[in-house]
Amino acid sequence: MNSLEYQSIVAPTLKVCASIAASRNEPWLATDLPCMLAVHHVVTRLLGIYSDEWGNLGESSSSQALDKLPDATLALVMKEAEFSLDAVAECIDAVHRAHQMLLDEQVLSAQEPMLNAAWRALTASDEVSAEALIGAVAGNVVQAVDDWEQTRTKQ
């Protein structure tokens, strides 16, 4: 990944998701599954917008590298929390399965209009607005996951 991809997709997502995890009294982002699902969801969606808009300009990383960006972001968070390599792979797999289940059960939206607005803010160098929009989406993901889990445990 190049620095633009890191600065516009990964960094703001990690910043807001770590803040959400901290507000939930989680010492590590990596140990808060709803927040890790938010990281995966937001990075995947922002990457889609980036690829659609900038991928053809020839300055983006290869499509193979971009395809790995959501997992690389998750791995970065888990390595920071000193997870073993086996645990990293297992957790990434768990996030994938959970994310797909949430999409299948329509807990999460496949489209995120606020992320389109966040991308516009990022490309206009309005980091404050971009982070607020990314934070709103990530917060919505975390809340939706928490609500869904509570509903499932009551059944």
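Data block above holds the structure.
Residues numbered from 1 in each chain as written. Predicted model: local features only at pLDDT ≥ 70, side-chain atom pairs only at ≥ 80, totals over all residues. Heavy atoms only, no water.

(A) Helix α7 (residues 127-154), seen in detail. Across its 28 residues, α7 extends 40 Å between first and last C-alpha, which sits within 8% of the 40 Å expected from 1.5 Å per residue. Within α7 the residues assigned to the buried category are Ala130, Ile134, Gly135, Val137, Ala138, Val141, Val142, Ala144, Val145, Asp146 and Trp148. (Helix = DSSP H or I, 4+ residues; strand = E, 2+ residues; numbered from the N terminus. Expected span 1.5 Å × (residues − 1). Buried < 20%, exposed > 50% of the residue type's maximum accessible area, 1.4 Å probe, protein only.)

(B) Local environment of the nonpolar core. Of all hydrophobic cores here, the largest spans 47 residues; its most connected members are Ile9, Leu29, Leu115 and Ile134. Those elements that provide at least two residues to this core are α1 (3-23), α2 (33-54), α4 (69-80), α5 (85-104), α6 (113-123) and α7. The leading source of residues in this core is α2, at 11 residues. Among all residues touching Ile9, those that are not within four sequence positions of it are Leu4, Val43, Leu46, Leu47, Tyr50, Leu69 and Trp119. (Core = buried A, V, L, I, M, F, W, Y, C linked by side-chain atoms within 4.5 Å. Contact = heavy atoms within 4.5 Å.)

(C) Representation of the packing of α1 against α7. Packing of α1 against α7 brings their axes to within 9 Å, and their N-to-C directions diverge by 50°. For the element pair α1 / α7, the angle class is oblique. At the point where α1 passes α7, the crossing takes the right-handed sense. Seen from α1, the contacting residues are Pro12, Thr13, Lys15, Val16, Cys17 and Ile20; seen from α7, they are Glu131, Ile134, Gly135, Ala138, Gly139 and Val142. Across the contact of α1 with α7, the residue classes tally to seven nonpolar, three polar and two charged. (Axes fitted to C-alpha atoms, helices over the stretch in contact; angles between N-to-C directions. Parallel < 35°, antiparallel > 145°, perpendicular 65-115°, else oblique. Left-handed = near helix turned anticlockwise from the far one by under 90°. Nonpolar A, V, L, I, M, F, W, Y, C, P; charged D, E, K, R; others polar.)

(D) Structural view of the layout of surface pockets. One number sums up the size of the largest pocket: a volume of about 190 Å³. What lines the largest pocket is simply Leu4, Gln7, Ser8, Trp54, Trp119, Leu122, Thr123, Ser125 and Glu127. Of all elements in the fold, only α1 and α6 reach the threshold of two or more residues within the lining of the largest pocket. Here the residues of the lining of the largest pocket sort into four nonpolar, four polar and one charged. (1 Å grid on protein atoms, 1.4 Å probe; cavity = no way out; pocket = protein on both sides within 12 Å on 5 of 7 lines; lining within 4 Å. Points joined across faces, edges and corners; volume = space filled by probe spheres on them.)

(E) Structural view of the pattern of salt bridges. According to the stated counting rule, one finds four salt bridges in the structure shown. In this structure, Asp93 engages Arg97 in a salt bridge whose closest nitrogen and oxygen atoms are separated by 2.3 Å. Taken as a pair, Asp93 and Arg97 lie in helix α5 at a separation of four residues, close to a single helical turn. Three or more residues joined by partner-sharing salt bridges are found here, namely Arg24, Asp32 and Asp146. (Salt bridge = Lys/Arg side-chain N within 4 Å of Asp/Glu carboxyl O.)

Functional significance is not addressed by these values, which are geometric in nature.
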